[in-house]
Amino acid sequence: MTRVILRGKPRSFAATVATALSTVLLAVAAPAQAAPAAGAESTGPLSSLSAGTIGRPVGSVGTLASTSVTGTVGSISVTCTLTPSTPFVYYGGPYGGGEEGLATVRCTYPVYAIQVEVALFRYGTQVTYNTHTLYSTTTASADTEYPRYTGEYKTGADAFITWSYGGSTSFIPLTFSNSVYL
């Protein structure tokens, strides 16, 4: 049996709602990749859910947290934890610099596959997306980049864990990092 833990407490109904929301936000619609028009900024509210990064960039808002699921590989109980990082400015790369968001899943024992989906949100609107899958591993990460535009950013991520070959797959629902003004 798979158990979803949101903010440290088992919640079956909350997990169902979060799974549906994650599917809509990250899997249904393709993200807008174009740069925003000059002066076009939304002032919508941002989530205070956050990532489990060790430190917070100056100006970041939120409480550090992560989301975990527990399953079994053979007779071994395994916990996998998704942690999106607080977005940061990078230099070089495909855009010559910009904002970057990372998300990592760490498991307590090797699983068959980990698929991590990550997106950057600018003023609460998804602006970029990426996914990465690794097999026979305890750790998997995905990153996404966006051209340099000043604004308030947060990283959103979800993940799929396939416990063993031909076995069941569990979903870690959408989890947000701290928001930060870059």
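Each remark here, short or long, concerns the structure printed above.
Attention here is on the structure that accompanies the text. (Residues numbered from 1 in each chain as written. Predicted model: local features only at pLDDT ≥ 70, side-chain atom pairs only at ≥ 80, totals over all residues. Heavy atoms only, no water.)

Quick look at the side chain of Thr104 now. With respect to the helices and strands, the residue Thr104 is situated in strand E6 (residues 97-122). A distance of 2.9 Å separates a polar atom in the side chain of Thr104 from a polar atom in the side chain of Ser141. Setting aside its immediate chain neighbours within four residues, Thr104 contacts Thr81, Leu82, Thr83, Thr139, Ala140 and Ser141. (Helix = DSSP H or I, 4+ residues; strand = E, 2+ residues; numbered from the N terminus. Polar contact = N/O pair within 3.5 Å; in protein donor to acceptor, adjacent residues only side chain to side chain. Contact = heavy atoms within 4.5 Å.)

What follows covers the pairing of strand E5 (residues 88-91). Taken together, the four bridges between E5 and E6 define a ladder with antiparallel strand orientation. When the bridges of E6 are listed, Val89 appears paired with Glu99. Counted along the chain from E5 to the antiparallel partner E6, the turn is five residues long, and its residue Gly92 has a positive phi close to 90 degrees. (Pairing = 2+ DSSP bridges.)

This next bit is on unusual backbone geometry. One non-glycine residue with positive phi stands out, namely Tyr123, at about 50 degrees. Mapped onto the elements of the fold, Tyr123 is located in the loop between E6 and strand E7 (125-147). Given a relative accessible area of 12%, Tyr123 falls into the buried group. The phi dihedral of Ser136 falls on the positive side, at around 50 degrees, and the residue is not glycine. By secondary structure assignment, the location of Ser136 is in strand E7. (Buried < 20%, exposed > 50% of the residue type's maximum accessible area, 1.4 Å probe, protein only.)

Our next topic: the pattern of salt bridges. Side chains that differ in sign of charge can pair as their charged atoms come close. A complete count under the given rule lists one salt bridge for this structure. Here Arg148 ties to Glu99 by a salt bridge, and the two come within 2.2 Å at their closest N and O atoms. Taken together, the positions of Arg148 in the loop between E7 and strand E8 (152-162) and Glu99 in strand E6 put the pair 49 residues apart, joining distant regions of the chain. (Salt bridge = Lys/Arg side-chain N within 4 Å of Asp/Glu carboxyl O.)

The subject of this paragraph is the pairing of E8. Among the 11 residues that make up E8, nine are buried, leaving the element largely enclosed by the rest of the structure. Sheet topology note: the E6/E8 ladder contains 10 bridges and is antiparallel. Note that in E8 the partner of Glu117 across the bridge is Asp158. Where E8 lies against strand E10 (residues 180-181), two bridges are found, and the strand directions are antiparallel. Directly across from Glu152, in E10, lies its bridge partner Tyr181. The pairing of E8 with strand E9 (residues 169-176) spans six bridges and is antiparallel. By the bridge assignment, Ile161 is partnered in E9 with Ser170. What sits between E8 and E9 in their antiparallel hairpin is a turn of six residues, with Gly166 showing a positive phi close to 75 degrees.

As enumerated under the stated definition, the model contains six aromatic pairs in all. Seen from their ring centres, Tyr146 and Tyr149 are 5.8 Å apart, and the 50 degrees between their planes marks the pair as tilted. Residue classification places Tyr146 among the buried residues on the basis of a relative accessible area of 2%. Ring plane angle 50 degrees and centroid distance 4.8 Å describe the contact between Phe160 and Phe171, whose orientation is recorded as tilted. In this pair, Phe160 sits in strand E8 while Phe171 sits in strand E9, placing the two residues 11 residues apart along the sequence. Take Phe160: its relative accessible area is 30%, and that puts it in the partly exposed class. Each member of the aromatic cluster is reached from another via a ring pair, and the members are Tyr112, Tyr135 and Tyr165. Lys154 extends its terminal NZ or CZ atom over the ring of Phe176, reaching a point 4.1 Å from the ring centre. (Phe/Tyr/Trp six-rings, centres within 6.5 Å; stacked < 30°, edge-to-face > 60°. Lys NZ or Arg CZ within 6 Å of the ring centre and 35° of its normal.)

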